[in-house]
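Remarks on the overall topology
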Number of protein chains: 2
Amino acid sequence: MQTLNVNWQPDKTAATPIYQQITNYFQHQIARGDWPVGAKLPSQRKLAEAFGVNRSTLITALDELIAVGLITSNPGSGMVISGNHWSSLLAEHVNWSQYVKAGQFKPNSHALQKINQFETDAVIRLSTGEPAPEQFPRALFQKAFAHLGQNLTSLNYTEPAGILALRQQIAKHLVKVGIHTQPENILITSGSLQALQLVSMSLFPANATIYTEAPTYVKSLHVFQSAQTHLTGIPMDSQGLAYWQMTPPAKDEHAIIYSIPTFNNPTGIVMSAERRQQTLQYAQEHRLPILEDAAYQDVWFDQQPPQPLKALDTTGNVIYFGSISKSLAPGLRIGWTVAAKPVIDRLTDVRMQTDYGASSLSQLVLAEILADPEYETYQANFRKVLAKKAAAAQAILHRYWDDFATWQAPTGGFYLWVRLADAINIPKLFDLATARNVLFNPGSIYDFAPNQYVRLSFSYESSERFERGIQILTELIHANFAV
Amino acid sequence: MQTLNVNWQPDKTAATPIYQQITNYFQHQIARGDWPVGAKLPSQRKLAEAFGVNRSTLITALDELIAVGLITSNPGSGMVISGNHWSSLLAEHVNWSQYVKAGQFKPNSHALQKINQFETDAVIRLSTGEPAPEQFPRALFQKAFAHLGQNLTSLNYTEPAGILALRQQIAKHLVKVGIHTQPENILITSGSLQALQLVSMSLFPANATIYTEAPTYVKSLHVFQSAQTHLTGIPMDSQGLAYWQMTPPAKDEHAIIYSIPTFNNPTGIVMSAERRQQTLQYAQEHRLPILEDAAYQDVWFDQQPPQPLKALDTTGNVIYFGSISKSLAPGLRIGWTVAAKPVIDRLTDVRMQTDYGASSLSQLVLAEILADPEYETYQANFRKVLAKKAAAAQAILHRYWDDFATWQAPTGGFYLWVRLADAINIPKLFDLATARNVLFNPGSIYDFAPNQYVRLSFSYESSERFERGIQILTELIHANFAV
């Protein structure tokens with residue numbers, strides 16, 4: 001329990017009575033959240049001294065604060081901040097077990113909160129899954145803005161499933177990866193994360209098992225773990241998910257497969273065409289519906305990856321999640337879900353209860369850009385630059401890390417999945433690195449057990465800054481671990 | 001149980017074997033959702049006839065379909081579509097009780113789904129809470145687009161709580177209504193609905209009572225009803241919420257107030273300044289935290305309404321929800337939550353797990369527009385037009401409805417809350433009206449018991465189209481009810 005420091009004194013020349021200045025000060029500190037619920041107040045003697053007031057004035061103030069419930073006085077333990085009523089609700093929820101049970105939200109882990117916070121600061125970000133600002137196609141956006149500025153007649157709510165023009169463009173875009181679908185089978189979401197959220201809230205049966213690659217991006221989220229489901233990791237080999245290691249659900253049980261078959265995040269593994277067929281077949285036989293996360297589908301280097309599971313799906317068993325976040329701009333917050341119409345209808349219905357749809361502005365701008373023939377040119381160039389950055393990042397790792405690190409060369413995606421020598425304590429390295437303003441993602445946040453991996457993104461930082469980051473990590477490794 | 005019609009035949013000249021054409025057809029129908037799970041197949045004899053194939057070919061096809069789980073054969077009841085695995089999950093969830101219990105989502109009511117669907121069609125929409133397209137300030141958007149087009153260097157993820165420049169503009173904007181706050185006390189959300197969702201998921205204790213005005217907008221949503229909470233309506237008088245009619249929570253119980261004090265949706269009632277002070281005082285005494293929904297704060301006609309509860313809140317007890325949806329453009333999907341820092345931090349954390357933030361594009365464009373001095377001019381004009389439309393709508397109602405309808409003149413907001421004579425069956429009128437392409441919202445969707453009210457929006461349609469809508473409703477009323 002924290003004890004509060006007080007470095008403030010009332011203004012004895014002011015018109016406001018001193019006791020009231022004190023209660024105002026308390027209210028201000030608590031309302032701003034500077035004094036958290038549960039924090040202990042100094043003794044009355046010390047408080048009176050700190051404020052430079054006599055004891056009776058202080059007691060008048062404290063009585064009033066107790067009366068409105070901002071502080072409580074416990075015999076034995078003294079006075080503590082009981083706070084405004086919201087803060088007391090916050091305090092109660094430090095134990096989240098009841099919410100997890102109720103399918104509600106767990107707070108993010110401390111490490112993830114730190115990463116989210118840092119992501120926006122001026123540090124070397126080997127952590128982030130974002131395209132580089134240098135690759136941002138401003139000209140494409142300028143054209144879309146100009147066109148939109150001339151034609152926009154309102155920005156009201158859109159069709160529940162998303163603006164039709166955008167769904168049409170996405171249907172056309174999907175043909176390129178072998179998915180033949182209709183706008184009515186597409187739901188526009190605020191990125192894929194929202195889509196996962198919607199599916200989790202509206203389609204997961206209680207106590208379902210969710211089988212997924214180990215490691216997997218989704219393990220770093222709470223989206224599937226907050227619902228009453230069992231997220232179960234299944235190993236991969238070089239061809240992808242080792243589907244035969246799943247336990248088929250018994251007759252009265254439910255299980256679902258969540259897979260990132262193309263450029264698995266974090267490992268970069270691509271499921272082979274044959275394994276895709278086998279996995280679909282296995283899923284069909286054992287009544288396992290499939291969630292296919294295709295966030296990195298368009299982010300290949302030299303060769304287009306095998307067709308998505310959805311392209312091979314003849315029974316509507318696969319729900320497909322696409323996103324523009326990795327190939328164009330995460331700030332648009334646009335993803336798409338492709339599924340059979342009843343599934344889309346259900347998700348759309350729940351979605352309308354959640355936030356009334358994605359930004360119309362983002363949808364309209366993206367529809368313009370996807371319809372622009374220059375989008376293809378941009379994509380081709382984006383891939384070329386990304387492939388170069390991947391090669392440069394690997395050359396840098398070879399230069400500095402060959403003695404204590406190994407990895408597979410990726411063929412697409414944003415990441416190197418690097419195994420470090422056992423002597424390197426990764427949580428410790430993470431803390432040392434953040435203190436030096438270098439951020440990477442420890443592999444364990446993606447896995448079902450601690451591991452010796454780190455995920456390094458080569459997409460966001462320039463190769464120069466990537467190298468600077470690796471230099472700092474190298475220094476830290478040599479200074480702290482026996483490698 | 002539905003029996004399926006079959007009006008398709010295999011192509012006997014095609015290379016694909018006939019039994020396989022049949023299985024393909026089944027798969028296609030099921031995958032598209034045209035054949036729902038549980039639908040009954042015609043008998044084998046009838047099916048063979050319909051397809052124009054012999055019985056053994058049909059049986060080969062059916063056997064394969066049974067093998068992959070798309071149909072099941074029940075002795076006695078014949079064959080039914082068991083569908084792809086997602087559709088069987090959908091079918092199972094028709095009974096949502098377990099999800100409601102688990103804090104998960106109820107499907108929207110049929111009427112609400114219909115409204116959401118119709119909202120985007122070419123009908124007379126006396127239902128929608130949107131500004132009129134005629135009032136859309138395209139010039140403001142064009143300026144913002146042009147400026148952004150020149151300066152945008154990326155569209156990546158934003159600060160978890162929202163883009164700082166926007167939070168700064170909103171803090172400035174809030175000063176005009178008497179709220180003095182800091183960017184760190186503001187969370188940007190995808191409209192207010194998402195904010196309610198986040199609060200509901202992360203701050204509502206299990207079994208909490210949510211006291212709210214009856215009727216209220218939030219009753220038409222599932223947001224507070226899906227969590228394990230008890231939404232309880234409290235009457236209003238002409239000064240607003242009759243707070244003294246609430247039952248204060250016992251020591252181990254939790255209760256929360258959700259209020260729309262300014263232009264209550266649907267009634268338009270404005271809580272008086274005195275009632276605001278009293279409500280705050282009562283809440284403070286009885287440890288009731290307050291959610292203040294201020295979606296219509298800026299949408300007054302001639303006179304600025306009393307300051308929000310949040311402006312009078314000295315202890316951080318009020319969480320304030322603002323939105324740009326009513327005063328500018330719902331399609332931006334931008335709202336803001338103002339609260340003590342620990343509350344903002346918690347909501348931000350959960351929010352990052354939900355969708356990684358609101359559209360950066362929407363945020364940047366709104367920050368530009370709020371910073372533009374011409375935004376004030378636009379707002380003043382917007383209010384003037386809205387006041388005129390409210391007056392025109394009332395003149396129209398007086399012309400056609402004086403015999404069987406009464407209402408209070410609103411001083412802001414988008415709606416007339418109209419009581420119809422008892423002889424008028426409102427659900428029946430709703431159905432008749434939708435058949436004539438006129439949409440209004442039955443008052444019962446906002447209330448805790450059936451009522452004789454309708455909510456008519458005068459904001460969206462022109463006064464001419466509003467009158468046309470009223471004419472049609474008048475015809476229907478005279479033709480069907482004894483008024």
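Structural notes, computed from the coordinates. Since the structure is predicted, the reported quantities are computational estimates derived from the model, not experimental observations.

**Structural notes on the overall build of chain A**
When its secondary structure is counted, chain A shows 16 helices and 17 strands. Residues classed as buried in chain A amount to 61% of the 483 residues present. Here the analysis covers contacts within chain A between residues at least 6 apart in sequence; of these, 73% occur between residues at least 24 apart.

**So, helix 15 (residues 426–435) of chain A**
All names here are of chain A. Buried within helix 15 are the following residues: Ile426, Leu429, Phe430, Ala433 and Thr434. One side of helix 15 carries all its buried residues, which in axial view fall inside an arc of 130 degrees. In helix 15, the exposed residues that point more than 90 degrees away from the buried face are Pro427 and Ala435. If you check the start of helix 15, you find a side-chain oxygen 3.0 Å away from the backbone N of lysine 428, and it comes from asparagine 425. Looking one or two places after helix 15, you find asparagine 437, whose phi comes out positive at around 65 degrees.

**Brief notes about the sheet that holds strand 5 (residues 209–213) of chain B**
All names here are of chain B. Spatially, the seven strands line up as an open sheet ordered 4-12-11-10-9-5-6, and their pairing is mixed. Sheet topology places strand 4 (186–189) and strand 6 (230–234) at the edges, where each strand pairs with a single neighbour. On average, each strand axis in the sheet is inclined to that of its neighbour by 20 degrees, with strand direction left out of account.

**Observations concerning the sheet that holds strand 10 (residues 290–293) of chain A**
All names here are of chain A. Strand order in the open sheet formed by seven strands is 4-12-11-10-9-5-6, and the pairing between neighbours is mixed. With partners counted over all chains shown, the strands left at the sheet margins are strand 4 (186–189) and strand 6 (230–234), one partner each. Neighbour-to-neighbour, the strand axes of the sheet open up by a mean angle of 20 degrees, direction not taken into account. Two strands pair when backbone bridges link them, and strand 5 (residues 209–213) and strand 9 (residues 255–259) are joined in this way by four bridges, in the parallel orientation. Bridge assignment links threonine 209 to a residue of strand 9, and that residue is alanine 255.

**Quick notes on the pairing of strand 10 (residues 290–293) of chain B**
All names here are of chain B. Because side chains alternate across strand 10, one face comprises the buried residues Ile290 and Glu292, and the other comprises Leu291 and Asp293, equally buried. Where strand 9 (residues 255–259) meets strand 10, three bridges bridge the pair, whose relative direction is parallel. Bridge assignment links isoleucine 257 to a residue of strand 10, and that residue is isoleucine 290. As a crossover connection, the stretch from strand 9 through helix 10 (residues 273–285) into strand 10 is right-handed. Alignment of strand 10 against strand 11 (residues 318–323), held across four bridges, turns out to be parallel. Each bridged residue has a counterpart across the sheet, and for glutamate 292 the counterpart in strand 11 is tyrosine 320.

Criteria and cut-off values
- Residues numbered from 1 in each chain as written.
- Chains lettered and ligands numbered in written order.
- Predicted model: local features only at pLDDT ≥ 70, side-chain atom pairs only at ≥ 80, totals over all residues.
- Heavy atoms only, no water.
- Helix = DSSP H or I, 4+ residues; strand = E, 2+ residues; numbered from the N terminus.
- Buried < 20%, exposed > 50% of the residue type's maximum accessible area, 1.4 Å probe, protein only.
- Contact = heavy atoms within 4.5 Å.
- Arc of directions from axis to C-beta.
- Polar contact = N/O pair within 3.5 Å; in protein donor to acceptor, adjacent residues only side chain to side chain.
- Pairing = 2+ DSSP bridges.
- Axes fitted to C-alpha atoms, helices over the stretch in contact; angles between N-to-C directions.
- Right-handed = clockwise from strand over helix to strand, strands pointing away.

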